[in-house]
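Understanding the architecture of this molecule
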Amino acid sequence: MNVDNYLYLAVILFVIGAIGVMLRRNALVAFMSVELMLNAANLVMVAFSQQYGNLHGQVGTFFVMVVAAAEVVVGLAIIVTIYRTRRSTSVDDANLLKL
Amino acid sequence: MPMIPLETVAPVAATGLFSFAWLMIALPATGALLLLLVGKPLERIGHLIGSATVLGSFGVALVLFVQQLGLPAEARAISLPLYQWFTAGNWSINIGLLVDQMSILFALLITGVGGLIHIYSIGYMAHDERRRRFFGYLNLFVAAMLILVLADNYLVLFVGWEGVGLASYLLIGFWQHKPSAAAAAKKAFVMNRVGDLGMTMAIFAMLAMFGSSAFVDVNQHAEHLDPLWATIIGCLLLLGACGKSAQVPLQAWLLDAMEGPTPVSALIHAATMVTAGVYLVVRSHAIFAMSETASLAVVIVGTVTLLVGAWIGTSKDDIKKVLAGSTMSQIGYMMLAAGIGPDGYAFAIFHLLTHGAFKANMFLGAGSVMHGMNDDVNMRHYGNLARYLPITFITFGLGYLAIIGVPPLSGYFSKDHIIEAAFHASPVIGSLALIGAGVTAFYMTRLMLMTFLGAKRWPKSVHPHESPRVMTIPLMILAGLSVVAGLAMNGWIQEWLEPAIGSHPHEVEWLPTPVGMLTMLVVALGVAASWFVFGRSDIPATAPVSRNPIIIAGRNDLFGDAVNQALVVGPVGHLARGVVLADDKAIDGAVGTLVATLGGLSKQGRRTQTGFVRSYALTMVAGAAVVGLLLLLGQMA
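Fair warning: this is a prediction, and the values are worked out from it, not measured in the lab.

Focus on unusual backbone geometry
All names here are of chain B. V248 connects to P249 through a cis peptide bond whose omega is 10°. If you trace the backbone, P249 turns up in the loop between helix 8 (227-245) and helix 9 (252-256). Of note, the amide linkage connecting P407 to P408 takes the cis form, showing an omega dihedral of 0°. Within the secondary structure, P408 sits in the loop between helix 16 (390-404) and helix 17 (410-425). Non-glycine residue L558 carries a positive phi angle of around 55°. Phi angles above zero are rare outside glycine, and F559 is one such case at about 60°. Mapped onto the fold, F559 is located in the loop between helix 22 (549-555) and helix 23 (560-606).

Structure follows, in structure tokens:
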């Protein structure tokens, strides 16, 4: 099976995600973009798993999904808290951590 | 002078009462600890504790002395090892006491005269609110001085040596609210450090040469010492002795040390501490026996100092400074005797003991005069005090007769022996010592005339009065000692000391010898000259301006401070300022530049931390891209 197309799709998804993180101000959207990048990486791993006929890539994918789920729990909690205190989810407004 | 290695008797181990010799040190040390650490609760009885410990110590010394008298001569030196201090390589340093014929005499002097001075201080310091602390320091001094004279090796001696230096510093600066007293204390401390340098180097050299600093080992191995090393060690010891005993060239601190309370001057700067240098030289007789050069250096230092001290004594108006100059001069005599060698050792110690009695007597007498004169020390404001302070006058007068050497008072015997020994060693030295005796008579007579006789010159506001009993009784006892000490010790002190210091006793003349006659003649001339100058006419209340270079030099302590300033303080000050400048400009400059550069760089670097999450994301992506690119390039290469 030819995995080229899966890889192209993965690259496109990753680049969309990366551009989303860099350009969008809304924290939720930036968060979704990060998820998109993670899933692009998952796709690559699954594709190669298929190509080589073993399960290493799929196992790795599960790890990524678990970590992503944990990250969502923490990340969303932070975003909700920031929204409550600052009435905004714009990442540009949360710029206090600088000298 | 033939250089014969001296035979000294090895000490025997302590038994019986001698096992308690450490009590002599422990008592005043405990007193010092109690008075200085417990503090306030003892405020009202501090002076009693302080005096009692020293008198207790005197009791112990007296018992041991009586015991020693009962022993045969070769069994009188007792060693009492206490414990091992430390070991390093082949060296093993033990703390131990050596109670021999010489150290017991010192212990008696220190605790006896010290005890009397403690009692005197009860009255003298009665109105000082820091009296408890004063007695604490005095106890500390007595303990340290006893360590110094009872130690059985040079390192432990050095502990006492530094201890008395500390106590001296604390007591000279006791009235620290006076800037002059604080400065005098510092001066004494710093000048003593110069001597201590010699002392430590001598100990290092001994450890290197003999592998031990114990007196027993040093005495035993000194015969085989290389003459060059004997000279080096001897001169280093002499430097140490000069610092502690205020001998030329380290004499300048003693006159300023008179800023301390008068009992301190009597105890530390007349009777005991300043004589430690003489003790050191005599104790190190085995070294000096091996080096003619070092012995000669001791003789020269002693002779120069006895003349310098007497010279200063003639031209001071401050009663304590006259006595300080006199102390220097008398210690010069002792040094001279110690430098002569085996013929003089016993006389050095003899004069040291009699001097301890009569000089302490006169210092305390001066304190009694000051007590009655509202602490005025200027003799030009005294006059005719004999009528108002009769006890002080009589006791001081006996001290005066003792120091100028009127037979049969104590100074006559001890000083006469030294002058004779000096003539025996060299006519030049002998003549100088003889001149010194004449000058001594001159300035002491001047002191007596200006203080106790003549017309009264004090202002109406002053009401001279005799001191209380607690002060006059020690004066009477010391005066009694000044009278009888010479007669009492003359007959036996040489034989008594012989096993400890290796001197060879020779026949003591009871009737004046030709030299003795000559000495008395010179002394009489000195007294007459002094009366001629100061006794016939009234003494002006302010010192007359003088163009006489001898007087000007005397009033300025022979320019000792100026010499120190020019030779040491000035150059070292310039050096220090140069070093500070180099430190400020070169080292601080280099460090400062480095700091400024790094600070500037980090200020620029800080700008990248904008606080915008998206710019951080951009950095991360760019970084990942760069890493990916590098990996790719690596693959292709």
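Having seen the structure, we can now continue with the description.
Comments concerning the sheet that holds strand 3 (residues 91-99) of chain B
Residue and element names in this part refer to chain B. Within the open sheet, the 3 strands sit side by side as 1-2-3. Their pairing is mixed. In this open sheet, the two edge strands, each paired with only one partner strand, are strand 1 (12-13) and strand 3. In the sheet, strand 2 (residues 78-88) pairs with strand 3 via 9 bridges, with the strands oriented antiparallel. Each residue of the ladder has a partner; that of P81, found in strand 3, is G96. Contacting strand 2 and strand 3, helix 5 (residues 154-172) runs over the sheet at an angle of about 95° to strand 2.

Digging into the confidence of the model for chain B
Residue and element names in this part refer to chain B. Of the residues in chain B, 98% reach a pLDDT of 70 or more, and the chain-wide mean stands at 90. Predicted confidence is poor over residues 1-5, with pLDDT under 50, and the contacts of this stretch with residues over four places away or in other chains come to 9 contacts. For this predicted complex, the interface score ipTM comes out at 0.85, alongside a pTM of 0.80.

Considerations on the interface of chain A and chain B
Size of an interface, as often reported, equals the accessible area lost when the parts are brought together. The interface is formed by 13 residues belonging to chain A together with 11 residues belonging to chain B. Interface area for chain A against chain B, summed over the two sides, is near 980 Å², with a carbon-plus-sulfur share of 63%. Seen at the junction of chain A and chain B, the total is 1 salt bridge. Between D92(A) and R614(B) there is a salt bridge, and its shortest N-O distance comes to 2.7 Å. Between chain A and chain B we count 2 residue pairs in polar contact (both at pLDDT 80 or more) in total. When its residues are assigned to classes, the side of chain A that touches chain B shows 8 nonpolar, 1 polar and 4 charged.

Some points on a nonpolar patch on the surface
Residues and elements named next belong to chain B. Taken together, the side chains of L17, F20, W22, V63, L82, Y83, W85, F86 and V159 present a nonpolar region at the surface, about 830 Å² in accessible area. A per-element tally of the nonpolar patch places strand 2 first, with 4 residues. Locating V159 in the fold gives a position in helix 5. For V159, a relative accessible area of 41% puts it in the partly exposed group.

The rules behind each value
- Residues numbered from 1 in each chain as written.
- Chains lettered and ligands numbered in written order.
- Predicted model: local features only at pLDDT ≥ 70, side-chain atom pairs only at ≥ 80, totals over all residues.
- Heavy atoms only, no water.
- Helix = DSSP H or I, 4+ residues; strand = E, 2+ residues; numbered from the N terminus.
- Pairing = 2+ DSSP bridges.
- Contact = heavy atoms within 4.5 Å.
- Axes fitted to C-alpha atoms, helices over the stretch in contact; angles between N-to-C directions.
- pLDDT = per-residue confidence, 0-100.
- Buried area = accessible area lost by both parts, 1.4 Å probe.
- Salt bridge = Lys/Arg side-chain N within 4 Å of Asp/Glu carboxyl O.
- Polar contact = N/O pair within 3.5 Å; in protein donor to acceptor, adjacent residues only side chain to side chain.
- Nonpolar A, V, L, I, M, F, W, Y, C, P; charged D, E, K, R; others polar.
- Patch = residues over 30% accessible without salt bridge, like charges linked within 9 Å, V, L, I, M, F, W, Y side chains within 5 Å.
- Areas by Shrake-Rupley, 256 points an atom, 1.4 Å probe, with all protein chains shown as cover.
- Buried < 20%, exposed > 50% of the residue type's maximum accessible area, 1.4 Å probe, protein only.

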